Amino acid sequence: MTPDTPLIIDDITLQSRLFLGTAGYPSPDILRQAIEASNPGLITVSLRRENAAGKGQDFWGIIKDMNVPVLPNTAGCFTAQEAITTAEMAREVFETNWIKLEVIGDDYLLNPDPFDLLKAAEALTNKGFNVFPYMTDDLILAQRLSDIGCKILMPWGAPIGSGKGLNNPYALQTMRDRFTGHTLVVDAGLGAPSHAAQAMEMGFDAVLLNTAVSKAADPVAMARAFAQATTAGRSAFRAGIIAPQSSARASTPMLDKPFWHQG
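Note that the coordinates shown come from a computational prediction; the quantities given were computed from them, not determined experimentally. (Residues numbered from 1 in each chain as written. Predicted model: local features only at pLDDT ≥ 70, side-chain atom pairs only at ≥ 80, totals over all residues. Heavy atoms only, no water.)

### Topic: the pairing of strand β4 (residues 42-46)
Note the following rule: Buried residues are those whose accessible area, probed at 1.4 Å on protein chains only, stays under 20% of the maximum for their type, while exposed residues exceed 50% and partly exposed ones sit between those limits. Put simply, DSSP H or I for four residues or longer makes a helix, DSSP E for two residues or longer makes a strand, and each gets a number counted from the N terminus. Crossovers are marked right-handed if the path from the first strand over the helix to the second runs clockwise, as seen with the strands pointing away from the viewer. A pair of strands is considered paired only if DSSP assigns at least 2 bridges between the two.
For β4, a buried count of five out of five residues is recorded, marking the element as mostly surrounded by other parts of the structure. Covered by surrounding structure in β4 are L42, T44 and S46 together with I43 and V45, the residues of both alternating faces. Where the polypeptide runs from strand β3 (residues 18-21) across helix α1 (residues 28-38) and back to β4, its parallel neighbour, the crossover connection is right-handed. Taken together, the four bridges between β4 and strand β5 (residues 70-73) define a ladder with parallel strand orientation. Looking across to β5, one finds that S46 is bridged to N73.

Listed below in structure tokens is the structure:
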């Protein structure tokens, strides 16, 4: 098998297909170790939530020292205008046009609001942002986001922080098959490294997760496990996974019957 081509976004070559969040770690030092152990392609940072939490200089120093591309996000925003304002602030702080766009419509499951998401995505795209929209696995929403210029789509596997994995593999596979020219990232709901491997085996370009690592008993070891699973799933996809069969198929060819079946 030929060597894999790296994932490139806006001429930036990412060093892996695991994207890692930075919220909720036991300490800044464990966050640093988790980033070092997993070698993520990018890390996400919420400007609103991190400022509200008063992370301090240790947190921001780690982010800057890691030399990993930063994807600011609009976590905590509940309207299109909130998200647009937060994205513009993040562009000034982080000096990047990348923005992970989150517009939440439900407090309980943290479902994205598809209407304000689309509204904010269009406004930000027109302002020169490369929008990474956090969305449900709805195919029509994906098409509408594509129509306004989003080349990256980030459907959830399950609600944020639920750890349930891929709740609707059919919908995710349909989206992957439909949007072959887009970068597709499974974002949210992954709880175990096997979930990341499953997404990568389906042909997704990357996975993004936070809680599964930050809240693990050993976040550093879990970060490493997710990195390994992401690589394994990508390798399996490229190698060509066999199609499921409705009946058994012998792995050893039968050249002839054994002597006790003859006569």
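### Digging into the state of the cysteines
Selection rule: Cysteine sulfur pairs qualify as disulfides if the two atoms are within 2.5 Å.
Summed over all chains, the structure comprises zero disulfides. The thiol sulfur of C77 is not disulfide-bonded, and the nearest other cysteine sulfur, from C150, lies at 16 Å. Its relative accessible area of 0% is what places C77 among the buried residues.

### Considerations on the pattern of salt bridges
Put simply, the rule is: What makes a salt bridge here is a side-chain nitrogen of Lys or Arg within 4 Å of a carboxyl oxygen of Asp or Glu, nothing more.
Taken as a whole, this structure holds nine salt bridges when the rule is applied. Between R17 and D4 there is a salt bridge, and its shortest N-O distance comes to 3.8 Å. Taken together, the residues R17 in the loop between β2 (12-13) and β3 and D4 in the segment before β1 (8-9) connect sequence positions 13 residues apart. Assessed through its relative accessible area of 32%, D4 is described here as partly exposed. E88 is paired through a salt bridge with K127; the nearest N and O atoms lie 3.1 Å apart. Of this pair, E88 sits in helix α4 (residues 80-94) while K127 sits in the loop between α5 (114-126) and β7 (130-135), placing them 39 residues apart in sequence. Assessed through its relative accessible area of 29%, E88 is described here as partly exposed. The exposure class of K127 is partly exposed, given its relative accessible area of 40%. Taken together, the salt bridges that share partners define one network made up of D4, R17, R234 and R238.

### Looking at the side chain of T230
To be explicit about the condition: Pairs of N or O atoms are called polar contacts if they sit within 3.5 Å, as long as, within protein, a hydrogen donor faces a hydrogen acceptor (for residues adjacent in sequence, only side-chain-to-side-chain pairs). Throughout, a residue-residue contact means that at least one pair of heavy atoms, one from each residue, lies within 4.5 Å.
Here T230 is to be found in helix α10 (residues 219-239). Relative accessible area serves as the criterion here: at 3%, T230 is assigned to the buried category. One polar contact links the side chain of T230 to the main-chain carbonyl oxygen of F226, over a distance of 2.8 Å. In this view, T230 contacts R17, L18, A196, M200 and V207; residues no more than four positions away in its chain are not counted.

### Some details on the packing of helix α8 (residues 193-201) against α10
Filter applied, for reference: Lines fitted to C-alpha atoms define the axes here, with helix axes fitted over just the stretch in contact, and angles between the N-to-C directions of these axes take values from 0 to 180 degrees. Any angle that falls under 35 degrees is termed roughly parallel, while one over 145 is termed roughly antiparallel, one within 65 to 115 roughly perpendicular, and all others oblique. Crossing handedness: left-handed means the near helix sits turned counterclockwise from the far one by under a right angle, and right-handed means the same turn made clockwise.
Their axes nearest at 7 Å, the elements α8 and α10 cross at an angle of 25 degrees. Comparing the axis directions of α8 and α10 gives the class roughly parallel. You can see that α8 and α10 cross each other, and the crossing is right-handed. Two secondary-structure elements touch here, α8 through P193, A196, A197, M200 and E201 and α10 through M222, A225, F226, A229, T230, G233, R234, A236 and F237.

### A look at the nonpolar core
We apply this condition: The criterion is simple. A nonpolar core is a set of buried Ala, Val, Leu, Ile, Met, Phe, Trp, Tyr and Cys residues joined through side-chain atoms within 4.5 Å.
By size, the foremost hydrophobic cluster in this structure holds 58 residues, and its most contacted members are L101, L145, V207 and L209. Broken down by element, the residue count for this core peaks at six residues, all from α4. With near-sequence residues (within four places) excluded, L209 lies in contact with L18, F19, L20, G21, L190 and F226.

### So, unusual backbone geometry
Phi at D11 is positive, roughly 65 degrees, even though this residue is not glycine. Examined against the element boundaries, D11 turns out to sit in the loop between β1 and β2. The phi dihedral of N67 is positive, around 55 degrees, even though this residue is not glycine. Within the element layout of this structure, N67 appears in the loop between α3 (56-65) and β5.

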